[in-house]
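# Analysis of the macromolecular model
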Amino acid sequence: MQQERGTLTAEAVSALLREKPEVLCYPTIDSTNNEAKRLLPLSAGDLLLIAEEQTAGRGRQGKTFYSPAGTGIYFSLVLRSGKALTDTVGITSAAAVAVCRAIEALTDKHPQIKWVNDIYLDGKKIAGILCEAVTDGTQSATAVIIGIGINLTTQEFPADVPNAAALNANLDRAALVAGTVNELYALAAQGYDGFLDAYRRRFLLTGRRITFVQNGVATAATVLGIDERCGLRVRLDSGEAITLRSGEISIRKE
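Residues numbered from 1 in each chain as written. Predicted model: local features only at pLDDT ≥ 70, side-chain atom pairs only at ≥ 80, totals over all residues. Heavy atoms only, no water.

### Concerning the overall build of the protein
- In terms of helices and strands, the protein carries five helices and twelve strands.
- Here the C-alpha atoms of the protein give a radius of gyration of 18 Å, agreeing with the 18 Å that 2.2 N^0.38 yields for 254 residues.
- Taking the principal axes of its C-alpha atoms as reference, the protein extends roughly 55 × 50 × 30 Å.
- Across the 254 residues that make up the protein, the buried fraction comes to 52%. (Helix = DSSP H or I, 4+ residues; strand = E, 2+ residues; numbered from the N terminus. Rg over C-alpha atoms; globule rule 2.2 N^0.38 Å. Buried < 20%, exposed > 50% of the residue type's maximum accessible area, 1.4 Å probe, protein only.)

If you want it as structure tokens, here you go:
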């Protein structure tokens, strides 16, 4: 098992950022996304919240994200409206590319993306992303919260966390956080055209058999690829081709 280098402090991360959100570090917290929501009314600018441990880390579809102390990094970036994509599929896709690029810049690893929000390495999940739009009551997004958790050296996972693994690379944790955030600012400002090709190159599901769940109904399909807005193009067993904009998917073992 390789160890992470560097001290994860607000000062260490801030020194590496091209943009300058307010940076806050916590030894432990329930969830950086939860804390971002609590702090939103108290701040007018962007925020970057980083934790050594989350006691109630959150994933998509109401799932938890296992976030033990000392073996991963867990952070949330709050981007105010007008600075980024505001639809959650778009910003989640941009964040996935940002995580991959930051890892690639600091290691010899080549992670891949499982639609829409998981980062995989050697067939196992090493990172997850949870994006949440904050509205003003009129359905207009005033901010987007991008939560990212990366397993760095975690070796043991709970039984209800399947197919998980760690990056296991010797790197500077502050550099990984800052590198991801720097990439995300750049990608989000460009819109879909700025990251679509990069997303497709790292996409691991083309041609794979999957099951997707929508409204409680599980359906089998074959993945065709990613469309121009990062929707998942699939072919149903009936032969019909459709595009998924949301929902939970799993890779079928056939």
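### Let's talk about the packing of aromatic side chains
- Inspection of the entire model under this criterion finds three aromatic pairs.
- Between the aromatic rings of Tyr 192 and Phe 195, the centroid separation amounts to 5.7 Å while the plane-to-plane angle is 40 degrees, which identifies the pairing as tilted. (Phe/Tyr/Trp six-rings, centres within 6.5 Å; stacked < 30°, edge-to-face > 60°.)

### Focus: the side chain of Asn 33
- Mapped onto the elements of the fold, Asn 33 is located in helix 2 (residues 32-39).
- Classification of Asn 33 by relative accessible area gives buried; the value is 3%.
- Apart from the residues lying within four places of it in its own chain, the contact partners of Asn 33 are Arg 58, Ser 76, Leu 130, Glu 132, Ile 145, Ile 146 and Gly 147. (Contact = heavy atoms within 4.5 Å.)

### With respect to the sheet that holds strand 11 (residues 241-244)
- Overall, antiparallel pairing links the five strands, which are arranged 11-10-9-8-12 in an open sheet. Every other strand in the sheet has two partners, leaving strand 11 and strand 12 (248-251) as the edge strands with one partner each. Across the sheet, the axes of successive neighbouring strands diverge by a mean angle of 45 degrees, strand direction being ignored.
- Here five bridges tie strand 9 (residues 217-226) to strand 10 (residues 232-236), and the two strands are oriented antiparallel to one another. Bridge pairing in strand 10 links Ala 221 to Leu 236. (Pairing = 2+ DSSP bridges. Axes fitted to C-alpha atoms, helices over the stretch in contact; angles between N-to-C directions.)

### A look at the pattern of salt bridges
- Evaluation of the coordinates by the stated rule reveals twelve salt bridges.
- Between Asp 237 and Arg 209 there is a salt bridge, with the nearest N and O atoms lying 2.7 Å from each other. Within this pair, whereas Asp 237 is found in the loop between strand 10 and strand 11, its partner Arg 209 is found in strand 8 (residues 209-214), the two being separated by 28 residues in sequence.
- Judged by relative accessible area, which is 54%, Asp 237 ranks as exposed.
- A cluster of three or more residues bridged by salt bridges with shared partners is formed by Asp 30, Glu 35 and Arg 38. (Salt bridge = Lys/Arg side-chain N within 4 Å of Asp/Glu carboxyl O.)

### What about the nonpolar core?
- Counting residues in hydrophobic clusters, the biggest one holds 69 residues, and the most contacted among them are Leu 48, Trp 115, Ile 146 and Leu 232.
- Considering every element that reaches this core, the biggest residue donor is helix 3 (residues 88-106), with eleven residues.
- With near-sequence residues (within four places) excluded, Leu 48 lies in contact with Val 13, Leu 17, Pro 21, Glu 22, Val 23, Leu 24, Phe 75, Ser 76, Leu 77, Val 177 and Val 181.
- Membership of the second largest hydrophobic core comes to twelve residues, among which are Ile 29, Val 78, Ala 143 and Ile 145. (Core = buried A, V, L, I, M, F, W, Y, C linked by side-chain atoms within 4.5 Å.)

### Describing the pairing of strand 5 (residues 118-121)
- Alternating residues of strand 5 divide into Asp 118 and Tyr 120 and Ile 119 and Leu 121, and every residue in both groups is buried.
- Sheet topology note: the strand 4 (residues 112-114)/strand 5 ladder contains three bridges and is antiparallel. The partner of Lys 114 across the bridge, within strand 5, is Asp 118.
- As consecutive antiparallel partners, strand 4 and strand 5 are separated by three residues.
- Both strand 5 and strand 6 (residues 124-135) contribute to a ladder of four bridges, which runs antiparallel. Paired with Asp 118 across the bridge in strand 6 is Gly 128.
- Where strand 5 folds back on strand 6, the antiparallel hairpin that results is connected by two residues, among which Asp 122 adopts a positive phi of roughly 55 degrees.

### Let's talk about the sheet that holds strand 4
- Taken in spatial order, the seven strands of this open sheet run 1-2-3-7-6-5-4, and their pairing is mixed. Each edge of the open sheet carries a strand with a single partner, namely strand 1 (22-26) and strand 4. Sheet twist, expressed as the average angle between the axes of neighbouring strands with direction ignored, equals 20 degrees.
- Across the face of the sheet, helix 3 comes into contact with strand 4, strand 5, strand 6 and strand 7 (141-151) while running at roughly 140 degrees to strand 6.
- The sheet contacts of helix 4 (residues 173-190) involve strand 2 (47-51), strand 3 (72-80) and strand 7, and relative to strand 3 the element is tilted by about 30 degrees.

### Some thoughts on the packing of helix 3 against helix 4
- Interhelical geometry of helix 3 versus helix 4 gives an angle of 135 degrees and a closest axis separation of 8 Å. When the interaxial angle is binned, helix 3 and helix 4 end up oblique. Both helix 3 and helix 4 take part in a crossing whose hand is right-handed. Side by side, helix 3 and helix 4 meet where Ile 91, Ala 94, Ala 95, Val 97, Ala 98, Val 99, Arg 101, Ala 102, Ile 103 and Leu 106 of the first sit next to Ala 175, Leu 176, Gly 179, Thr 180, Glu 183, Leu 184, Leu 187 and Ala 188 of the second.
- Residue composition of the contact of helix 3 with helix 4, grouped by class: 14 nonpolar, two polar and two charged. (Parallel < 35°, antiparallel > 145°, perpendicular 65-115°, else oblique. Left-handed = near helix turned anticlockwise from the far one by under 90°. Nonpolar A, V, L, I, M, F, W, Y, C, P; charged D, E, K, R; others polar.)

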